[in-house]
Amino acid sequence: MVQYNFKRITVVPGGKDFIDIILSRTQRQTPTVVHKGYAISRLRQFYMRKVKFTQQNFHEKLSKIIEEFPRLDDIHPFYGDLLHVLYNKDHYKLALGQVNTARNLIGKISKDYLKLLKYGDSLYRCKSLKVAALGRMCTVIKRISPSLAYLEQIRQHMARLPSIDPNTRTILICGYPNVGKSSFINKITRADVDVQPYAFTTKSLFVGHTDYKYLRYQVIDTPGILDRPFEDRNIIEMCSITALAHLRAAVLYFLDVSGSCGYSIAQQAALFHSIKSLFMNKPLIVVCNKTDLQPLETIPEDDLKLVMEMKAEAMKTLKGNGSESDEGVLLSMSTLTDEGVIAVKNAACERLLDQRVELKMKSKKIDACLNRLHVAIPKPRDQMERPASIPQAVLEAKAKEAKEEEERKNKKKLERDLEDENGGAGVYSASLSKHYLLANEEWKNDVMPEILDGHNVYDFIDPDILERLEELEREEQQRTGEEGGDDFEMDGEELTPEEKEALDEIRKKKRLLVQQHRIKKSTAESRPTVPRKFDKERKYTSERMGRQLSDLGLDPTLAVNRARSRSLSRRGRKRERTIDGGEGMDIDTDRSDKKQKIRDRSRSRSQSRPPSEVVPGEGFKDSAQKVKAMKLGKKSMKKRNKEARKGEADRVIPTLKPKHLFSGKRSIGKTSRR
């Protein structure tokens, strides 16, 4: 059986991509280094190899395209006509013919230029001939770019076609648009065809599969067909006509008796008679759908007469197959309520199976098969009775099994046995209350009181709990009333006048601080920083700080002096030489002590410290030890800096031979790596 799988066709590249692929392969897989000092035979061979290699690649690619696309004359007529309907057979053949012509032209170009290269007299001449040969090949490919693009579109569309086997058991559904064909295939198969309440929802062939009597049937849903001349039908309708014409299948002609599809029964009957020539030699069943809206018996007399005429036409196909029964020719169903759906499927499968068996019986192959078959029918040879002889060991084994079965029935059932009988683990839940020792057996199935935190809720219910709660609340109020006088509240009754005055001062100060804090907090984001020279109220001065400290009974001298010394050190002054006895340079000593004191006061308190000076807390004994430690630290970092390490924990092993620098073609003389 031939299987048509159009998804395996290789992608067809465009003209520009085709050229890039071939020339890139030529550059990668042929030598690229040549010198004018080489012998002329070597130069000729170098460029002849490039031309021949390019021609072979073009030939392989184009041959693969031509071979993988199906030939319309060699495949099944169904696929041949379907491709003709979808893509126009003439355009399809022209495109493949242009690809074949391009393949032959490239072969001729290669042959001509190889002859010329054979007699090239210089490096320049050979190179020019090679460039001309490859250029002419690329020009040929550019000219067939539209054909390649057309073939790629066809390939993509063919890959989306359903995989239909023309030779297997097939049920074909046809009829007017919107009569319920897609709903029926969704019911009897696992196909998921879109169903909408408008015409031509199905625009191509859809395939589903169903089983009947252990045999697989393929069900094909065809687009709707309109009753009009053959020449006026569009591509969607022609797909249905092609399937009806070429597939050996059981045909289900769907009829909407309710008229909700938008077409009357007379129009549907006219379509039936216009395409009945396509039903020849095929099992035909007329299916009246949507009987939930209008049963077949309630339709008008004229419409019923048209339905009976279609049934008579369907009966002719039965007589052609050698059957006289009219059962299963006219069926009614409703895909909405599923009434009669399975009956229609079974009738179609049965009719198709009978026809296929009958065709095989009429073929010549059946004679060769019957000659090899012999059915033996035993006949009695005499009147003697010969009862079945059962060995004694078998009888004893059966008796033993019966005895064990009886013992097993009388044996007490365990929980494991009950579990196996009632669905097994995960399904059966053992009853824990059936072994309770209660006065009444009926109490075992009573609903147990609710349990909370391991305690029975009902054990803690007190009928007098509300009265006790009220009693506790009264007792609590009484106790709070007795202890109410013990709270400490400074009301001022027990204080002296001086203490009252101090208390008022404290409370006033507290309120003022809280108010200031709230103002600062609310305006903290938008309040600007005011320089000291604009501080008109002189809130923050050393004199004010001294007065406040004096009021507290503290000596403000040290704090004021420290604040003034810090303000002096912040003013910009030039740094002066230090006066250290012995180490400093000689300076004039005629300056007055007053000026020296002013300059000493203005010098910044923080001065630069040499690195070797020991600071308390660093852990060094003296400056010599610190200098030695610094030298050792610098020495340990030399190796790390030289290897470009980020730190002591950097363990990265760099790639010493990166791929992009040490792969590819080798220059002359470099064979040491292999």
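Relevant structure appears above.
Because the structure is a prediction, the values reported are computed rather than measured.

1. Examining the overall build of the chain
Next up, step 1: Counting its secondary structure elements, the chain contains 21 helices and eight strands.
Next up, step 2: Taken across its 674 residues, the chain has 28% of its residues classed as buried.
Next up, step 3: About 49,900 Å² of surface is accessible on the chain, with carbon and sulfur atoms providing 52% of the total.

2. Comments concerning helix H9 (residues 265-274)
For the α-helix, the turn length of 3.6 residues means that residues three or four positions removed from each other point alike.
Next up, step 1: For H9, every residue scored as buried is listed here: Ile265, Gln268, Ala269, Leu271 and Phe272. Angular distribution of buried residues about the axis of H9 spans 160°; they occupy a single face of the element.

3. Overview of a positive patch on the surface
Next up, step 1: A surface patch of like charges, here positive, comprises Arg507, Lys508, Lys510 and Arg511.
Next up, step 2: Along the chain, Lys510 falls in helix H16 (residues 497-522).
Next up, step 3: On the accessibility criterion, Lys510 (60% relative accessible area) is exposed.

4. Quick look at empty space enclosed by the protein
Next up, step 1: This model, assessed by the stated rule, comprises one cavity of 30 Å³ or more.
Next up, step 2: Of the volumes computed, that of the largest cavity is approximately 70 Å³.
Next up, step 3: Lining the largest cavity we find Thr10, Val11, Val12, Pro13, Lys61, Lys64, Ile65 and Glu68.
Next up, step 4: Residue composition of the lining of the largest cavity, grouped by class: four nonpolar, one polar and three charged.

5. Points about the nonpolar core
Next up, step 1: The biggest cluster of nonpolar side chains holds 110 residues, and the ones touching the most others in it are Phe69, Phe184, Leu244, Leu252, Tyr253, Ile275 and Phe279.
Next up, step 2: Take this core: its biggest share by element is ten residues, from helix H4 (residues 89-118).

6. Looking at the packing of helix H7 (residues 181-188) against helix H11 (residues 341-362)
For any two helices packed against each other, the geometry comes down to the angle between their axes and how far apart the axes lie.
Next up, step 1: Where H7 contacts H11, the axes come no closer than 10 Å and their chain directions differ by 85°. When the axes of H7 and H11 are compared, the pair comes out roughly perpendicular. Here Phe184, Lys187 and Ile188 of H7 lie close against H11, whose contacting residues are Val341, Val344 and Lys345.
Next up, step 2: For the contact of H7 with H11, the class distribution of residues is four nonpolar, no polar and two charged.

7. With respect to the pattern of salt bridges
Next up, step 1: In this structure the tally under the stated criterion is 19 salt bridges.
Next up, step 2: Across the pair Glu152 and Arg155 runs a salt bridge whose closest N-O atoms are separated by 2.9 Å. On the criterion of helical spacing, the pair formed by Glu152 and Arg155 is a turn pair, its members being three residues apart in helix H6 (residues 145-159). Per residue, the accessibility class of Glu152 equals that of Arg155, and both read buried.
Next up, step 3: Residue Arg408 pairs with Glu405 through a salt bridge whose shortest N-O separation is 2.3 Å. Of this pair, Arg408 and Glu405 both sit in helix H13 (residues 392-410), three residues apart, which is roughly one turn of that helix.
Next up, step 4: Of the residues examined, Glu405 reaches a relative accessible area of 34% and is grouped as partly exposed.
Next up, step 5: Salt bridges here are not isolated pairs; linked through shared partners, they connect Arg228, Arg233 and Glu237.

8. Some thoughts on a negative patch on the surface
Next up, step 1: A contiguous patch of negative charge, built from Asp464, Glu467, Glu470, Glu473 and Glu476, is present on the exposed surface.
Next up, step 2: Relative to the assigned elements, Glu470 resides in helix H15 (residues 465-482).

9. Thoughts on H6
Next up, step 1: Between its first and last C-alpha, H6 extends 21 Å over 15 residues, near the 21 Å set by a 1.5 Å rise per residue.
Next up, step 2: If you check which residues of H6 are buried, you get Ser147, Leu148, Leu151, Glu152, Ile154, Arg155 and Met158. One face of H6 carries all of its buried residues, which in axial projection span an arc of 165°. Pointing more than 90 degrees away from the buried face of H6 are the exposed residues Pro146 and Gln153.

10. Remarks on the sheet that holds strand E6 (residues 330-332)
Next up, step 1: Taken in spatial order, the six strands line up as E2-E3-E1-E4-E5-E6 in an open sheet, and their pairing is mixed. For this open sheet the edge positions go to strand E2 (206-212) and E6, each flanked by a neighbour on one side alone. On average, each strand axis in the sheet is inclined to that of its neighbour by 25°, with strand direction left out of account.
Next up, step 2: Across three bridges, the pairing between strand E5 (residues 284-289) and E6 is parallel. The residue of E6 that forms the bridge with Val287 is Leu331.
Next up, step 3: Contacting strand E1 (170-175), strand E4 (250-256) and E5, H9 crosses the sheet at an angle of about 160° to E4.

11. Description of the environment of Leu72
Next up, step 1: Tracing the sequence through the fold places Leu72 in the loop between helix H2 (40-68) and helix H3 (77-87).
Next up, step 2: Since its relative accessible area comes to 10%, Leu72 is described here as buried.
Next up, step 3: The spatial distance from the C-alpha of Leu72 to the C-alpha of Lys89 is 7.9 Å, given a sequence separation of 17 residues.
Next up, step 4: Discounting chain neighbours no more than four positions away, the residues touching Leu72 are Gly80, Leu83, Lys89 and Tyr92.

12. Some remarks on the packing of aromatic side chains
Next up, step 1: Counting across every chain of the model gives eleven aromatic pairs.
Next up, step 2: Look at Tyr253 and Phe279: their rings are 6.4 Å apart centre to centre, the planes differ by 65°, and that puts the pair in the edge-to-face class. Placement of the pair is Tyr253 in strand E4 and Phe279 in the loop between H9 and E5, with a sequence separation of 26 residues. Comparing Tyr253 with Phe279, the two get one shared label, buried.
Next up, step 3: Put simply, the rings of Phe6, Phe78 and Tyr79 pair up and form one aromatic cluster.
Next up, step 4: Lying across the ring of Tyr38, Arg42 places its NZ or CZ 3.7 Å from the centre.

13. Focus on unusual backbone geometry
Next up, step 1: Here Lys213, not a glycine, exhibits a phi torsion of approximately 55°, which is positive.
Next up, step 2: One can find Lys213 in the loop between E2 and strand E3 (215-221).
Next up, step 3: Phi is positive for Asn281, which is not a glycine, with a value near 60°.
Next up, step 4: Residue placement: Asn281 occurs in the loop between H9 and E5.

14. Considering the pairing of E3
Next up, step 1: Counted residue by residue, E3 has five buried out of seven residues, so it is predominantly covered.
Next up, step 2: Direction of pairing for E1 relative to E3: parallel, over a ladder of four bridges. Bridge assignment links Leu172 to a residue of E3, and that residue is Ile220.
Next up, step 3: As judged from the seven bridges shared by E2 and E3, these two strands associate in the antiparallel manner. Looking at E3, one finds that His209 is bridged to Gln218.

15. Topic: the packing of H3 against helix H8 (residues 235-246)
Next up, step 1: Taken N-terminus to C-terminus, the directions of H3 and H8 make an angle of 170°; their axes are 9 Å apart at the nearest point. By the angle between their axes, H3 is roughly antiparallel relative to H8. Residues Pro77, Phe78, Asp81, Leu82, Val85 and Leu86 of H3 touch H8, and the partners they reach there are Ile235, Met238, Cys239, Thr242, Ala243 and His246.
Next up, step 2: Class assignment for the residues of the contact of H3 with H8 results in nine nonpolar, two polar and one charged.

Reading guide: rules and limits
Numbers given for residues are sequential positions, taken from 1 along each chain in its written order. It should be noted that, the model being predicted, local features are given only for residues of pLDDT at least 70 and side-chain atom pairs only at 80 or more, the latter also being counted only at that level, while totals for whole chains, interfaces and linings use all residues. The basis for the side-chain values is all heavy atoms of the structure; hydrogens and waters are excluded. Secondary structure elements follow DSSP: runs of H or I of four or more residues count as helices, runs of E of two or more count as strands, with numbering from the N terminus. Between buried and exposed lies partly exposed: a residue is buried under 20% and exposed over 50% of the maximum accessible area for its type, with that area taken using a 1.4 Å probe on protein chains only. To measure how exposed things are, a 1.4 Å probe is used in the Shrake-Rupley method; for residues, cover is taken only from the protein chains shown. The arc in question is traced by the directions running from the helix axis to the C-beta atoms. Nonpolar side chains (Val, Leu, Ile, Met, Phe, Trp, Tyr) are joined into patches within 5 Å and like charges within 9 Å, using only residues with over 30% relative accessible area and no salt bridge. For this document, the term salt bridge refers to a Lys or Arg side-chain nitrogen within 4 Å of an Asp or Glu carboxyl oxygen. By the counting scheme adopted, Arg and Lys are positive, Glu and Asp are negative, and His together with the chain ends is not counted. Lysine's charge is taken at NZ, arginine's at CZ, aspartate's at CG and glutamate's at CD. The rule is simple: put a 1 Å grid over the protein atoms alone, call a set of points where a 1.4 Å probe fits but cannot get out a cavity, call an open set with protein on both sides within 12 Å along at least five of seven lines a pocket, and count a residue as lining if it has an atom within 4 Å of a point. Grid points are joined across faces, edges and corners, and a volume is the space filled by probe spheres set on the points. For this classification, Asp, Glu, Lys and Arg are treated as charged, while Ala, Val, Leu, Ile, Met, Phe, Trp, Tyr, Cys and Pro are nonpolar and the rest, including Gly, are polar. Take the buried residues of types Ala, Val, Leu, Ile, Met, Phe, Trp, Tyr and Cys, join any two whose side-chain atoms come within 4.5 Å, and each joined set is a nonpolar core. Fitted lines through C-alpha atoms give the axes, limited to the stretch in contact for helices. The angle between two N-to-C directions lies from 0 to 180 degrees. We call two directions roughly parallel when the angle between them is under 35 degrees, roughly antiparallel when it is over 145, roughly perpendicular when it lies between 65 and 115, and oblique otherwise. Here, two residues are considered to be in contact whenever any of their heavy atoms come within 4.5 Å of each other. Take the residue count of a helix, subtract one, and multiply by 1.5 Å to get its expected span. One bridge is not enough; two strands pair if DSSP finds at least two bridges between them. Stacked, edge-to-face and tilted labels apply to pairs of Phe, Tyr and Trp rings (six-membered ring for Trp) whose centres lie within 6.5 Å, assigned for plane angles under 30 degrees, over 60, and everything in between, in that order. Remark: a charge is flagged as sitting over a ring if the NZ atom of Lys or the CZ atom of Arg is within 6 Å of the ring centre and within 35 degrees of the ring normal.

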